[in-house]
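In case you want the letters, here they are:
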Amino acid sequence: MKFLYLQIKIVKFRRSRKFTSEEPLVPAVDISYNEKFMIIEAWKQADFLCKVYILISLEDDLYNVYSAMNTSKELWDALEKKYKTEDAYLKKFMVAKFQDYKMIDGKTVGIQVQELQLIFNDLIAEGMVVNEAFQVTAMIEILPPSWRDFKNYLKHKSKEMKLEDIVIRLKIEEDNKTAKKKSRGNSTIMEANIVVLGHQLF
């Protein structure tokens, strides 16, 4: 919207005050009635143009709501209030979403890491500072209960890890855990087969 403002190059009289931030122009008292009339009419026309440029950039349903505003300042203030309020709500929602996120057993850590990264990206997109060190620490802290030993191992590492490093380490550890489960499963099946075979022989 501000870029559009610069493009249309609407300039207000006297000290270049902005239409969206100032009340209607009041001419000096020491000028003639005709001059006052011309100044006020020129201001009204320019303000009307400014208001129209803002309105035509809105969606139809918003246009219907905001077209009743009298001046571009009134319109701009109403839009700012609406979107600043929504923006503040969205930030609170994203922070709450991050705080409530917990990794669980029974769901692959790889998928949960991706979900957490999406939350981090949303927080950053909302203008919040979420640096790499914070992301790495948070990722380690919310690992599932069955990852407790690996979590403690990562927490006691002296060298600071990059986000890419922690994602790779978690992937490797998950692959190792999966391989161990398969190996244990195969061993159990083999033992069961031996027992069944033994009963059949005797």
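Our structure's up above, just so we're on the same page.
Residues numbered from 1 in each chain as written. Predicted model: local features only at pLDDT ≥ 70, side-chain atom pairs only at ≥ 80, totals over all residues. Heavy atoms only, no water.

Chemist: Which residues make up the overall build of the protein chain, and what are the values?
Modeler: Looking only at helices and strands, one finds nine helices and zero strands in the protein chain. Relative to its 202 residues, the protein chain shows a buried fraction of 28%. Summed over all atoms, the accessible surface of the protein chain reaches about 14700 Å², with 58% contributed by carbon and sulfur. (Helix = DSSP H or I, 4+ residues; strand = E, 2+ residues; numbered from the N terminus. Buried < 20%, exposed > 50% of the residue type's maximum accessible area, 1.4 Å probe, protein only. Areas by Shrake-Rupley, 256 points an atom, 1.4 Å probe, with all protein chains shown as cover.)

Chemist: Tell me about the packing of aromatic side chains, and name the residues and values.
Modeler: One pass over the full model with this rule turns up five aromatic pairs. Pairing F98 with F134 gives two aromatic rings, centres 5.6 Å apart and planes at 50°, and the pair type is tilted. One end of the pair, F98, is in helix α5 (residues 72-100); the other, F134, is in helix α7 (residues 132-141), with 36 residues separating them in the sequence. According to the relative accessible area criterion, F98 is buried, its value standing at 18%. Judged by its relative accessible area of 40%, F134 falls in the partly exposed class. Among the aromatic residues, those joined into a ring-pair cluster are F98, F120 and F134. Across the ring face of W147, the terminal group of K177 is positioned such that the distance to the ring centre comes to 5.1 Å. (Phe/Tyr/Trp six-rings, centres within 6.5 Å; stacked < 30°, edge-to-face > 60°. Lys NZ or Arg CZ within 6 Å of the ring centre and 35° of its normal.)

Chemist: Help me get a handle on the nonpolar core, residues and values and all.
Modeler: Formed by 24 residues in total, the largest nonpolar core has its most connected members in M103, L116, F120, M139, L154, I166 and L170. Elements supplying a minimum of two residues to this core: α5, α6 (109-125), α7, α8 (148-155) and α9 (163-201). Broken down by element, this core gets its largest block of residues, six residues, from α6. Membership of the second largest hydrophobic core comes to 11 residues, among which are C50, M69, L75 and L79. (Core = buried A, V, L, I, M, F, W, Y, C linked by side-chain atoms within 4.5 Å.)

Chemist: Give a detailed account of a negative patch on the surface, specifying residues and quantitative values.
Modeler: Negative charge collects at one region of the surface, where E132, E160, E164 and D165 lie side by side. Take D165: it is sitting in helix α9. Using a relative accessible area of 36% as the deciding quantity, one classes D165 as partly exposed. (Patch = residues over 30% accessible without salt bridge, like charges linked within 9 Å, V, L, I, M, F, W, Y side chains within 5 Å. Salt bridge = Lys/Arg side-chain N within 4 Å of Asp/Glu carboxyl O. Lys, Arg positive; Asp, Glu negative; His and termini not counted. Charge placed at Lys NZ, Arg CZ, Asp CG, Glu CD.)

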